[in-house]
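Observations on chain architecture
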Amino acid sequence: MPRRILVVEDDEKSRRLLIDVLGYHGYDVWAVDNGEQALRDAQAYAPDAALLDIQLPGISGFDVLARLRSESNGAHLPVVAVTASVMDLDRRKILAAGFDAYVAKPVNIRELLATLHELFAKAES
């Protein structure tokens, strides 16, 4: 059964790219464009991982992560920050907030796939 990945990205082109690439690589992918819908979908559909933009309309990616972590089905969900914030301080802040990994935009597909593979392997051990 393919792994289910929730993509939370407000930019339509970025969202479409992630859906297409991950789908091509065998993942079951769906996407939303805001944090509120991400929280509802994570609760309803229990993804195996989430790719979460930091800069979202409404609530931020940081707030979405905090709320996910406070819910029973989101406490151990692997969440990857996908963001244009590429400074070292930004990266440290993102990882300190509890994200499991960080991928910079524009997304390097090989890096993203390797990150997901690593997170899923870690979750299985």
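Residues numbered from 1 in each chain as written. Predicted model: local features only at pLDDT ≥ 70, side-chain atom pairs only at ≥ 80, totals over all residues. Heavy atoms only, no water.

**Quick word on unusual backbone geometry**
Negative phi characterises most residues that are not glycine, and trans characterises most peptide bonds. Cis geometry marks the peptide bond from Lys105 to Pro106; its omega dihedral reads -5°. With respect to the helices and strands, the residue Pro106 is situated in the loop between β5 (101-104) and α5 (109-124). Despite not being glycine, Ala46 has its phi angle at roughly 45°, a positive value. Note on placement: Ala46 falls in the loop between α2 (35-45) and β3 (49-53). A residue is classified by how much of its surface remains accessible, and Ala46, at 45% relative accessible area, is partly exposed. (Helix = DSSP H or I, 4+ residues; strand = E, 2+ residues; numbered from the N terminus. Buried < 20%, exposed > 50% of the residue type's maximum accessible area, 1.4 Å probe, protein only.)

**Thoughts on the nonpolar core**
Formed by 21 residues in total, the largest nonpolar core has its most connected members in Leu6, Val8, Leu52, Val64, Leu68, Val79 and Phe99. Counting residues per element, the ones that place at least two in this core are β1 (4-8), β2 (28-32), α2, β3, α3 (61-70) and β4 (79-83). Excluding residues within four positions of it along the chain, Leu68 makes contact with Leu39, Ala42, Gly74, Ala75, Leu77 and Val79. Ranked by size, the runner-up nonpolar core spans 18 residues in total, among them Val7, Val82, Ala101 and Leu116. (Core = buried A, V, L, I, M, F, W, Y, C linked by side-chain atoms within 4.5 Å. Contact = heavy atoms within 4.5 Å.)

**Digging into the packing of aromatic side chains**
Taken as a whole and judged by the stated rule, the model has three aromatic pairs. Ring geometry for Tyr27 and Phe120: centres 6.1 Å apart, planes at 35°, overall tilted. Of this pair, Tyr27 sits in the loop between α1 (12-24) and β2 while Phe120 sits in helix α5, and the two are 93 residues apart along the sequence. On the basis of relative accessibility, which here comes to 16%, the residue Tyr27 falls in the buried class. Taken together, a centroid distance of 5.9 Å and an interplanar angle of 80° make the contact between Trp30 and Tyr45 edge-to-face. (Phe/Tyr/Trp six-rings, centres within 6.5 Å; stacked < 30°, edge-to-face > 60°.)

**Some thoughts on a negative patch on the surface**
The grouping of Asp10, Asp11, Glu12 and Asp33 at the surface amounts to a negative patch. Of note, Asp33 is situated in the loop between β2 and α2. (Patch = residues over 30% accessible without salt bridge, like charges linked within 9 Å, V, L, I, M, F, W, Y side chains within 5 Å. Areas by Shrake-Rupley, 256 points an atom, 1.4 Å probe, with all protein chains shown as cover. Salt bridge = Lys/Arg side-chain N within 4 Å of Asp/Glu carboxyl O. Lys, Arg positive; Asp, Glu negative; His and termini not counted. Charge placed at Lys NZ, Arg CZ, Asp CG, Glu CD.)

**Focus: the pairing of β1**
Burial analysis of β1 places four of its five residues in the buried class, the great majority of the element. Across five bridges, the pairing between β1 and β2 is parallel. Within β2, the position partnered with Ile5 by the bridge is Val29. The parallel pair β1 and β2 is bridged by α1, and the resulting crossover is right-handed. Pairing of β1 with β3 involves four bridges; the strand directions are parallel. In the sheet register, Ile5 faces β3, and the bridge partner there is Ala49. (Pairing = 2+ DSSP bridges. Right-handed = clockwise from strand over helix to strand, strands pointing away.)

**Regarding the side chain of Arg15**
Mapped onto the elements of the fold, Arg15 is located in helix α1. Arg15 has contacts with Glu9, Asp10, Ala31, Val32 and Asp33, leaving out every residue within four places of it along the chain.

**Here's the deal with the side chain of Thr83**
Of note, Thr83 is situated in strand β4. Given the relative accessible area of 1%, Thr83 is considered buried. Ignoring anything within four residues of it in the chain, the contact list for Thr83 reads Asp53, Ile54, Ile94, Tyr102, Val103, Ala104 and Lys105.

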